[in-house]
Amino acid sequence: MFLLTIIPDISSSERLKKLQEGSISEKHAEVEKLDKELLAKQARKKGDINDDGKIDHEDIEILKDYLGGKSELTEEQRKNSDLNQDGVVDERDFKILYSFATRREVEDKVRDLQDLYSSLSGQHIPGHVVLNVDNENIESVKSELDSAKALLVILNKRF
Ligand SMILES: [Ca+2]
Ligand SMILES: [Ca+2]
């Protein structure tokens, strides 16, 4: 059973063999693993409406168009758009998606800035990003981060 958990990427035929011929505990472990993988896959897709592996402004645009009556969603897209999982796709899902996607963008920008700073100064900034910004101010935070990055790049060129 332990062996199973440390084999990464077991091929599907091997997996099938384990499921068919393995001991009870092996079967059990394999089914549990399949369950977990499936859940993780579903969780990843929530909010990723165009299914490109990222949750970003493109997904926001798709949902905005749908809510504005400009376009339709496929069944799969509809599932991924129902973020609060109440069975309908509406403004509440948009709010959740918007908040999630823009926060992610800000976090990425902060991380970019930290990396840039580390590479310029040779000092690593430990810790991770903690955001304490409300949705109303998040756009201004994004542009401030962009200017800070631009400034760092300019300073680096000068010295
Ligand atoms: Ca996407
Ligand atoms: Ca919903």
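As the structure is a computational prediction, the values presented were derived from the model and not from experiment.

K.L.:
Would you mind showing me how to read the overall build of the protein chain here?
P.N.:
Looking only at helices and strands, one finds seven helices and zero strands in the protein chain. Along the protein chain, helices (α) and strands (β) appear in the sequence α-α-α-α-α-α-α when read from the amino end. Counted over contacts in the protein chain with a minimum sequence separation of 6, partners at least 24 positions apart contribute 54%.

K.L.:
Please clarify how unusual backbone geometry should be interpreted in this entry.
P.N.:
A positive phi is found at aspartate 51, a non-glycine position, where the angle reads about 55 degrees. Assignment of secondary structure puts aspartate 51 in the loop between α3 (24-45) and α4 (57-67).

K.L.:
Honestly, the confidence of the model for the protein chain in this entry has me stumped. Any pointers?
P.N.:
Low-confidence regions, as indicated by low pLDDT, have predicted coordinates that should not be scrutinised in detail. Across the protein chain, pLDDT averages 81, with 82% of residues at or above 70. Overall, residues 1-9 carries pLDDT values under 50, and its contacts beyond four positions in sequence, including any with other chains, amount to eight contacts.

K.L.:
How do you make sense of the environment of arginine 103 when you look at a structure like this?
P.N.:
By secondary structure assignment, the location of arginine 103 is in helix α6 (residues 91-121). Separated by 47 residues in sequence, arginine 103 and aspartate 56 place their C-alpha atoms 9.8 Å apart.

K.L.:
Just to check I follow, could you spell out the packing of α4 against α6 for this structure?
P.N.:
Each packed pair of helices is defined by two parameters, the angle between the axes and the distance between the axes. At a minimum axis distance of 10 Å, the contact between α4 and α6 shows a crossing angle of 165 degrees. On the basis of the axis angle, α4 is roughly antiparallel to α6. The element α4 and its partner α6 pack so that their crossing is left-handed. Where α4 abuts α6, its residues His57, Asp59, Ile60, Leu63, Lys64 and Leu67 lie against Glu91, Phe94, Leu97, Tyr98 and Ala101. Its residues assigned to classes, the contact of α4 with α6 shows seven nonpolar, one polar and three charged.

K.L.:
Hey, could you run me through the nonpolar core in this one?
P.N.:
Ranked by size, the top nonpolar core spans six residues in total: Ile49, Ile55, Leu63, Leu83, Leu97 and Ala101. Once residues within four sequence positions are removed from consideration, leucine 83 is found in contact with Lys46, Gly47, Asp93, Ile96 and Leu97.

K.L.:
So what exactly am I meant to see when it comes to the environment of lysine 54 here?
P.N.:
In this structure, lysine 54 sits in the loop between α3 and α4. For lysine 54, a count of 13 C-beta atoms within 10 Å gives the class partly exposed. In this structure the C-alpha to C-alpha distance between lysine 54 and alanine 101, which are 47 residues apart in sequence, comes to 9.2 Å.

K.L.:
Quick question: what am I supposed to make of α6 here?
P.N.:
It helps to recall that an α-helix has 3.6 residues per turn; residues three or four apart then point in one direction. Taking 1.5 Å of rise per residue, the 31 residues of α6 would be expected to cover 45 Å, and the 44 Å separating its terminal C-alpha atoms lies within 8% of that figure. The complete set of buried residues in α6 reads Asp93, Leu97, Ala101 and Thr102. Two residues or fewer after α6 comes glycine 122, characterised by a positive phi angle close to 75 degrees.

About the cut-offs
Residues numbered from 1 in each chain as written. Chains lettered and ligands numbered in written order. Predicted model: local features only at pLDDT ≥ 70, side-chain atom pairs only at ≥ 80, totals over all residues. Helix = DSSP H or I, 4+ residues; strand = E, 2+ residues; numbered from the N terminus. Contact = placed C-beta atoms within 7 Å. pLDDT = per-residue confidence, 0-100. Axes fitted to C-alpha atoms, helices over the stretch in contact; angles between N-to-C directions. Parallel < 35°, antiparallel > 145°, perpendicular 65-115°, else oblique. Left-handed = near helix turned anticlockwise from the far one by under 90°. Nonpolar A, V, L, I, M, F, W, Y, C, P; charged D, E, K, R; others polar. Core = buried A, V, L, I, M, F, W, Y, C linked by C-beta atoms within 7 Å. Buried ≥ 20, exposed ≤ 12 C-beta atoms within 10 Å, placed from the backbone. Expected span 1.5 Å × (residues − 1).

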